[in-house]
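Commentary on secondary and tertiary structure
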Amino acid sequence: MERKALRLSALVVFGIYAVYGCILAPLYQFLSTDIVLTATIWLDVVDLFFNLSEILGIAASFGFLIHGIYHYGIKKCRPLYILLGGALLFKYLSSIIAISIVRGSLDLTADFTSYLVSILIEIAELVLVIFLSHQWITSLQSENQRLQNASATLGQDFTPRGEFFPLRGLFRRNNPLQCAALWGMIAVTALRLISYVIGEIAFSLVGYGFSAKDIPIVALYALLLVFIPGFLGYLLSLGCMQLAERRSNQ
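The notes below deal with the structure included here. Since this is a predicted model, take the numbers as computed values, not measurements.

1. Some words on the overall build of the chain
Check the secondary structure of the chain and you find seven helices and zero strands. The order of α-helices and β-strands along the chain, N terminus first, is α-α-α-α-α-α-α. Counting all 250 residues of the chain, 38% fall into the buried class. Relative to all contacts within the chain whose residues are 6 or more apart in sequence, the contacts with residues 24 or more apart total 75%. For the chain, the exposed surface amounts to about 14100 Å²; the carbon and sulfur share of it is 67%.

What follows is the structure in structure tokens.
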């Protein structure tokens, strides 16, 4: 795999996770522990960008993974797998260290189970995208090769099925790259929606209650924290693929 492809992936993914871990995570911690600031809109604003940056990080990883598998093949992308795995470690380690600075000390006895679960879930999402993109890309390439051989034997013009680049529109069913990005982001959005619903249920069970008048607010927050970031993440995946393809042709 070419170094310029790895440099581009590192710049984008590590850049997003640097904002997440070094800026937004400690800022959210500071606001959530301040009695005065907790009651202001600033906590909600930071929470919104905190969730958005996390989704954008995994979405950018999807885009570079899909393009890498398309351009180099699944085996030659091992350096990219290591790089993105390192980015995930950086994401959580940087946030733990930054939050510890805000708190004034690093507590190594704290329970890091939630971090471990989160990183395992994100690794599973990356593996899913690797599997889907490899299956769909190689399937279309094999089908087109078979059709091309058959057309050559019959002396007919060959018209390939499906397409890869350029990406046309938001979604094309006959484009494996866009399909892999879409299903990857659907998986991310679904898991985050489940997490959000569980959080709301837990919130209501500890004594805060839940009534019909809360439904519009809960739905609005689900839209802002889950669905809109999921859609923006899909757009970023496509953008990263386009950027990587442009860089590979230079």
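2. Regarding the nonpolar core
Ranked by internal contacts, the top residues of the largest apolar core, which has 42 residues, are Val13, Phe62, Phe64, Ile66, Leu177, Met185 and Met241. Those elements giving two or more residues to this core turn out to be helix H1 (3-32), helix H3 (41-72), helix H4 (78-103), helix H5 (113-154), helix H6 (176-208) and helix H7 (215-248). Of all the elements, H3 adds the most residues to this core, at 10 residues.

3. A few points about the packing of aromatic side chains
For any pair of aromatic rings, the description consists of the separation of the ring centres together with the inter-plane angle of the planes. Following the criterion strictly, the structure yields five aromatic pairs and no others. Ring geometry for Tyr20 and Phe50: centres 4.7 Å apart, planes at 10 degrees, overall stacked. Here Tyr20, found in helix H1, pairs with Phe50, found in helix H3; they are 30 residues apart in sequence, far enough to count as distant. Its relative accessible area of 17% is what places Phe50 among the buried residues. In this structure an aromatic cluster arises from ring pairing among Tyr20, Tyr28 and Phe50.

4. Here we look at the environment of Glu245
Along the polypeptide, Glu245 turns up in helix H7. Sequence separation between Glu245 and Phe64 is 181 residues; the distance between their C-alpha atoms is 9.6 Å. Excluding anything up to four places from it in sequence, Glu245 contacts His67, Tyr70, His71 and Phe165.

5. Here's the deal with empty space enclosed by the protein
Taken as a whole and judged by the stated rule, the model has one cavity of 30 Å³ or more. Estimates place the volume of the largest cavity at around 70 Å³. Of all elements in the fold, only H1, H3 and H7 reach the threshold of two or more residues within the lining of the largest cavity. Sorting elements by how many residues they give to the lining of the largest cavity places H3 first, with four residues. Counted by class, the lining of the largest cavity contains six nonpolar, four polar and no charged residues.

6. Looking at the packing of H3 against H7
Two elements in contact, H3 and H7, have axes whose closest approach is 7 Å; the angle formed by their N-to-C orientations is 35 degrees. Two packed elements cross with a definite hand, and for H3 against H7 that hand is right-handed. In terms of residue class, the contact of H3 with H7 is made up of 20 nonpolar, eight polar and three charged.

7. Focus on a nonpolar patch on the surface
There is a patch of nonpolar side chains on the surface, built from Leu170, Phe171, Ile217, Leu220, Tyr221, Leu223, Leu224, Phe227, Ile228, Phe231, Leu232 and Leu235 and spanning about 1000 Å² of accessible area. If you trace the backbone, Tyr221 turns up in helix H7. Here Tyr221 falls in the partly exposed class, since its relative accessible area comes to 32%.

8. Points about the side chain of Ser61
Mapped onto the fold, Ser61 is located in helix H3. If we skip the residues at most four places from it in the chain, Ser61 touches Val13, Tyr17, Leu84 and Leu126.

9. Looking at the packing of H3 against H4
Here H3 crosses H4 at 175 degrees, and the two axes come no closer than 11 Å. The orientation of H3 with respect to H4, classified from their angle, is roughly antiparallel. Residue-level inspection shows Glu54, Ser61, Phe64, Leu65 and Ile69 of H3 in contact with H4, the latter providing Leu80, Tyr81, Leu84, Lys91 and Tyr92. Residue composition of the contact of H3 with H4, grouped by class: seven nonpolar, one polar and two charged.

10. Examining H7
With 34 residues, H7 should reach 50 Å at 1.5 Å per residue; the first-to-last C-alpha distance of 48 Å fits that figure. Taking the largest bend as the criterion, H7 deviates by roughly 40 degrees, centred on Leu223.

11. Details of the pattern of salt bridges
Under the definition given, this model contains three salt bridges. A salt bridge links Glu54 to Arg192; its shortest N-O distance comes to 3.3 Å. Of this pair, Glu54 sits in helix H3 while Arg192 sits in helix H6; the two residues are 138 residues apart in sequence, bridging distant segments of the chain. With a relative accessible area of 14%, Glu54 lands in the buried category. Residue Glu122 pairs with Lys91 through a salt bridge whose shortest N-O separation is 2.7 Å. Of this pair, Glu122 sits in helix H5 while Lys91 is found in helix H4, placing the two residues 31 residues apart along the sequence.

Conventions we followed
- Residues numbered from 1 in each chain as written.
- Predicted model: local features only at pLDDT ≥ 70, side-chain atom pairs only at ≥ 80, totals over all residues.
- Heavy atoms only, no water.
- Helix = DSSP H or I, 4+ residues; strand = E, 2+ residues; numbered from the N terminus.
- Buried < 20%, exposed > 50% of the residue type's maximum accessible area, 1.4 Å probe, protein only.
- Contact = heavy atoms within 4.5 Å.
- Areas by Shrake-Rupley, 256 points an atom, 1.4 Å probe, with all protein chains shown as cover.
- Core = buried A, V, L, I, M, F, W, Y, C linked by side-chain atoms within 4.5 Å.
- Phe/Tyr/Trp six-rings, centres within 6.5 Å; stacked < 30°, edge-to-face > 60°.
- 1 Å grid on protein atoms, 1.4 Å probe; cavity = no way out; pocket = protein on both sides within 12 Å on 5 of 7 lines; lining within 4 Å.
- Points joined across faces, edges and corners; volume = space filled by probe spheres on them.
- Nonpolar A, V, L, I, M, F, W, Y, C, P; charged D, E, K, R; others polar.
- Axes fitted to C-alpha atoms, helices over the stretch in contact; angles between N-to-C directions.
- Left-handed = near helix turned anticlockwise from the far one by under 90°.
- Patch = residues over 30% accessible without salt bridge, like charges linked within 9 Å, V, L, I, M, F, W, Y side chains within 5 Å.
- Salt bridge = Lys/Arg side-chain N within 4 Å of Asp/Glu carboxyl O.
- Parallel < 35°, antiparallel > 145°, perpendicular 65-115°, else oblique.
- Expected span 1.5 Å × (residues − 1).
- Bend = angle between axes of the 7 residues up to and from the residue.

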